[in-house]
Amino acid sequence: MSEAAYVDRLAAELEQEFQEKSVIAFVAETVAGATLGAVPPVPGYFKRVRELCDRHGVLLILDEVMCGMGRCGTLWAFEQEGIVPDLVAIAKGLGAGYQPIGALMVSKGIADTIQGGSGFFQHGHTYIGHAAACAGALAVQKRLHEDGVLARVAPLGRSLEKKLKEAFDDHPHVGDIRGRGLFWALELVEDRATKKPFDPELRVHARVKREALEAGLLCYPMGGTVDGVQGDHVLVAPPFIAAEAQLDELVDKLATAIALREPLPAG
Ligand SMILES: Cc1ncc(COP(=O)(O)O)c(C=O)c1O
């Protein structure tokens, strides 16, 4: 199936849902993170989703907790899709881990509707809008924009892509290398040609996590990539301040982690 045909199929499925049910919103991760392993959207997918949402009066909510705030090479991952959501959730990169902070951005239309209605948005947490967390996030955003840190992501990402592909394109257990910006994943498979996943009982992702840690690499291996049960991948998301040599080190250590040196018991 071509990518265009796939987008048509997904759009038809979504439209059918919108026609059959009363739908308030459609929620998606712009670039799927921990669950699928850095999977960018198929070209044109979000344009179709946006059109369908507009036509059926459905809000489009994007989750950019992982892929947003520069991780994919632009401040918002959705910029690369040529659409704007109605609401977008952000967190991790907002404070770069220095402060625990998350935020929900809403379009002007939604803010105006609330303001023009009751003017009251009943919502809160004990530490909502905490000054120290906001100050930390502001400092991070200043570095991103004023010190050129965001501008490093796209070129460093291209370099990481090249290094990953050089190292793993022919690896017998790497079925796919995908990502965007500094957000990349390897999909680990039993058979490269057929993309047959490993038996989930082998817990290949857990082994990779242990081996990576032993090698001195913090990465994010997960299972259930294919259908929630089968499939393994390992996600890497180096810091935006990484140097080329550190990307080389990452790739070397990842190679050690996925070498699966101990024989895997027969599935
Ligand atoms: C894409 C995505 N959305 C939401 C969350 C949850 O965020 P929080 O822990 O801030 O509720 C995570 C956590 O990893 C995530 O990766």
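Each remark here, short or long, concerns the structure printed above.
In this report, we go over the structure that sits alongside the text. (Residues numbered from 1 in each chain as written. Predicted model: local features only at pLDDT ≥ 70, side-chain atom pairs only at ≥ 80, totals over all residues. Heavy atoms only, no water.)

## A look at the pairing of strand 8 (residues 232–236)
Note on strand geometry: in a regular strand, side chains alternate between the two faces of the sheet.
(1) Moving on: Across the five residues of strand 8, five count as buried, placing the element largely inside the fold.
(2) Moving on: Side-chain alternation along strand 8 places Asp232, Val234 and Val236 on one buried face and His233 and Leu235 on a second face that is also buried.
(3) Moving on: Here five bridges tie strand 6 (residues 183–188) to strand 8, and the two strands are oriented antiparallel to one another. The partner of Leu186 across the bridge, within strand 8, is Val234.
(4) Moving on: Taken together, the four bridges between strand 7 (residues 220–223) and strand 8 define a ladder with antiparallel strand orientation. Looking at the pairing, Tyr220 lines up with Leu235 of strand 8. (Buried < 20%, exposed > 50% of the residue type's maximum accessible area, 1.4 Å probe, protein only. Helix = DSSP H or I, 4+ residues; strand = E, 2+ residues; numbered from the N terminus. Pairing = 2+ DSSP bridges.)

## Here's the deal with unusual backbone geometry
(1) Moving on: Phi is positive for Ala38, close to 50°, though the residue is something other than glycine.
(2) Moving on: Its relative accessible area of 0% is what places Ala38 among the buried residues.
(3) Moving on: One non-glycine residue with positive phi stands out, namely Lys195, at about 65°.
(4) Moving on: Mapped onto the elements of the fold, Lys195 is located in the loop between strand 6 and helix 6 (204–215).
(5) Moving on: The exposure class assigned to Lys195 is partly exposed, which follows from its relative accessible area of 46%.

## Description of the environment of Val7
(1) Moving on: Tracing the backbone shows Val7 in helix 1 (residues 3–20).
(2) Moving on: Accessibility expressed as a relative area gives 4% for Val7, which makes it buried.
(3) Moving on: Linking Val7 and Arg48, residues 41 residues apart in sequence, is a C-alpha distance of 7.9 Å.
(4) Moving on: Apart from the residues within four sequence positions on either side, Val7 is in contact with Val42, Pro43, Gly44, Tyr45 and Arg48. (Contact = heavy atoms within 4.5 Å.)

## Re the sheet that holds strand 4 (residues 103–106)
Paired through their backbone hydrogen bonds, the strands of a sheet run either parallel or antiparallel.
(1) Moving on: Here we have four strands laid out as an open sheet, ordered 1-2-3-4, and mixed in their pairing. Of all the strands in the sheet, the pair left with one neighbour each is strand 1 (25–29) and strand 4. Here the strands of the sheet are splayed against their neighbours by 20° on average, with no regard to which way each runs.
(2) Moving on: For strand 1 and strand 2 (residues 59–63), the ladder comprises five bridges, and the chain directions are parallel. For Ala28, the partnering residue across the bridge sits in strand 2 and is Leu62. (Axes fitted to C-alpha atoms, helices over the stretch in contact; angles between N-to-C directions.)

## Things to note about the pattern of salt bridges
(1) Moving on: In this structure the tally under the stated criterion is 17 salt bridges.
(2) Moving on: Where Lys108 meets Asp112, a salt bridge forms, and the shortest distance between an N and an O atom there is 2.8 Å. Residue Lys108 and its partner Asp112 are located together in helix 3 (residues 108–116), separated by four residues, close to a single helical turn.
(3) Moving on: Here Arg178 and Asp176 are joined by a salt bridge, their closest N and O atoms 3.0 Å apart.
(4) Moving on: Assessed through its relative accessible area of 31%, Asp176 is described here as partly exposed.
(5) Moving on: In this structure, a network of salt bridges that share partners links the residues Arg50, Asp54 and Asp86. (Salt bridge = Lys/Arg side-chain N within 4 Å of Asp/Glu carboxyl O.)

## Considerations on the nonpolar core
(1) Moving on: Counting residues in hydrophobic clusters, the biggest one holds 59 residues, and the most contacted among them are Phe26, Phe168, Leu186, Leu188 and Leu254.
(2) Moving on: In this structure, this core is formed jointly by two domains, domain 1 (3–146) and domain 2 (151–259), each of which donates at least three residues.
(3) Moving on: With residues near it in sequence (within four places) discarded, Leu188 still touches His173, Val174, Phe198, Val204, Val208, Asp232, His233, Val234 and Ile258.
(4) Moving on: The next biggest cluster of nonpolar side chains, apart from the first, holds 10 residues, and it includes Val31, Ala34, Ala38 and Leu235. (Core = buried A, V, L, I, M, F, W, Y, C linked by side-chain atoms within 4.5 Å. Domains from an automatic or database assignment.)

## Topic: the packing of aromatic side chains
Each aromatic ring pair is characterised by the separation of its centres together with the angle its planes make.
(1) Moving on: Evaluated as defined, the whole model comprises two aromatic pairs.
(2) Moving on: When the ring of Trp76 is compared with that of Phe78, the centres are 5.4 Å apart and the planes differ by 20°; the resulting orientation is stacked. No difference in accessibility class separates Trp76 from Phe78, as the two residues are buried. (Phe/Tyr/Trp six-rings, centres within 6.5 Å; stacked < 30°, edge-to-face > 60°.)

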